[in-house]
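Letter by letter, the chains look like this.
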Amino acid sequence: GAVVSQHPSWVICKSGTSVKIECRSLDFQATTMFWYRQFPKQSLMLMATSNEGSKATYEQGVEKDKFLINHASLTLSTLTVTSAHPEDSSFYICSARHPLTYEQYFGPGTRLTVT
Amino acid sequence: KNQVEQSPQSLIILEGKNCTLQCNYTVSPFSNLRWYKQDTGRGPVSLTIMTFSENTKSNGRYTATLDADTKQSSLHITASQLSDSASYICVVSGARGSTLGRLYFGRGTQLTVWP
């Protein structure tokens, strides 16, 4: 199956700092990628849809100035958590949509801990 | 409201036993229903995918069923193994209008297999 990678797999940062998470589709070009957040024992919650070459579409309640998304190429989308706070600690998962099948392939996730 | 409900929330079984997980959904119309396995601290991995016209789909020891009339799906795991311990997530994809391509996630069933 298609492979989507994320980097880093886990990160610890201090409150007030910014953290960048990368999502790469390794064997297909994805014009659309998605960013999800998952709290313990909860389902994945869509944060935003990342479109290559255009602005991301954010879900209601997600602050676009806090969660900056850049989809600069067909294989890379980045999520930057700016001025991170402890409540931003969560598991962030990206997915890439295959251009032919429309199937979403998920990355392995990034565990963010803000101290 | 488009929702996906799973039961039970958690389940403990002994190695070698079978189990069945349930998924009820209200997403309509839908294009397909997927079952994912999510290991702790990892991203979801697809097990099965069924369109509305399919009743059953197997993948090794995993067998998914779908009743589009009653909007119910089940995932049956046979001869469970310790490595089956994970969260199993039911995901329904919308088919039209504002729901087109959007994924609706259940909260998952946490399965624990004991030796």
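The structure this text deals with has already been given above.
Residues numbered from 1 in each chain as written. Chains lettered and ligands numbered in written order. Predicted model: local features only at pLDDT ≥ 70, side-chain atom pairs only at ≥ 80, totals over all residues. Heavy atoms only, no water.

Trainee: Any chance you could break down the packing of aromatic side chains for me, citing the residues and the numbers?
Mentor: Where two aromatic rings form a pair, the distance of their centres and the angle of their planes describe that pair. Tallying each qualifying case throughout the model produces eight aromatic pairs over all chains. Aromatic pair Phe106 of chain A and Phe105 of chain B: ring centres 6.1 Å apart, planes at 75°, arrangement edge-to-face. Within this pair, whereas Phe106 of chain A is found in strand 10 (residues 104-106), its partner Phe105 of chain B is found in strand 10 (residues 103-105), the two belonging to separate chains. Aromatic side chains Tyr25 of chain B and Phe30 of chain B sit 5.0 Å apart centroid to centroid with 65° between the ring planes, which places their arrangement in the edge-to-face category. Residue classification places Phe30 of chain B among the buried positions, given a relative accessible area of 10%. Between the NZ or CZ atom of Lys66 of chain A and the centre of the ring of Phe67 of chain A, over which it lies, the distance is 6.0 Å. Stacked on the ring of Tyr62 of chain B, the Lys or Arg Arg61 of chain B has its end atom at 5.7 Å from the ring centre. (Phe/Tyr/Trp six-rings, centres within 6.5 Å; stacked < 30°, edge-to-face > 60°. Helix = DSSP H or I, 4+ residues; strand = E, 2+ residues; numbered from the N terminus. Buried < 20%, exposed > 50% of the residue type's maximum accessible area, 1.4 Å probe, protein only. Lys NZ or Arg CZ within 6 Å of the ring centre and 35° of its normal.)

Trainee: Tell me about the state of the cysteines, residues and numbers included.
Mentor: A complete count under the given rule lists two disulfides over all chains for this structure. Residue pairing for Cys23 of chain A: its cysteine sulfur links by disulfide to Cys94 of chain A, the two sulfurs lying 2.0 Å apart. Residues Cys23 of chain A and Cys94 of chain A share a disulfide whose torsion about the S-S bond is about 80°; that sign makes it right-handed. One end of the pair, Cys23 of chain A, is in strand 3 (residues 19-25); the other, Cys94 of chain A, is in strand 9 (residues 90-97), with 71 residues separating them in the sequence. Cys94 of chain A carries the same exposure label as Cys23 of chain A, and that label is buried. Across the disulfide from Cys23 of chain B sits Cys90 of chain B; the S-S distance is 2.0 Å. (Disulfide = S-S within 2.5 Å.)

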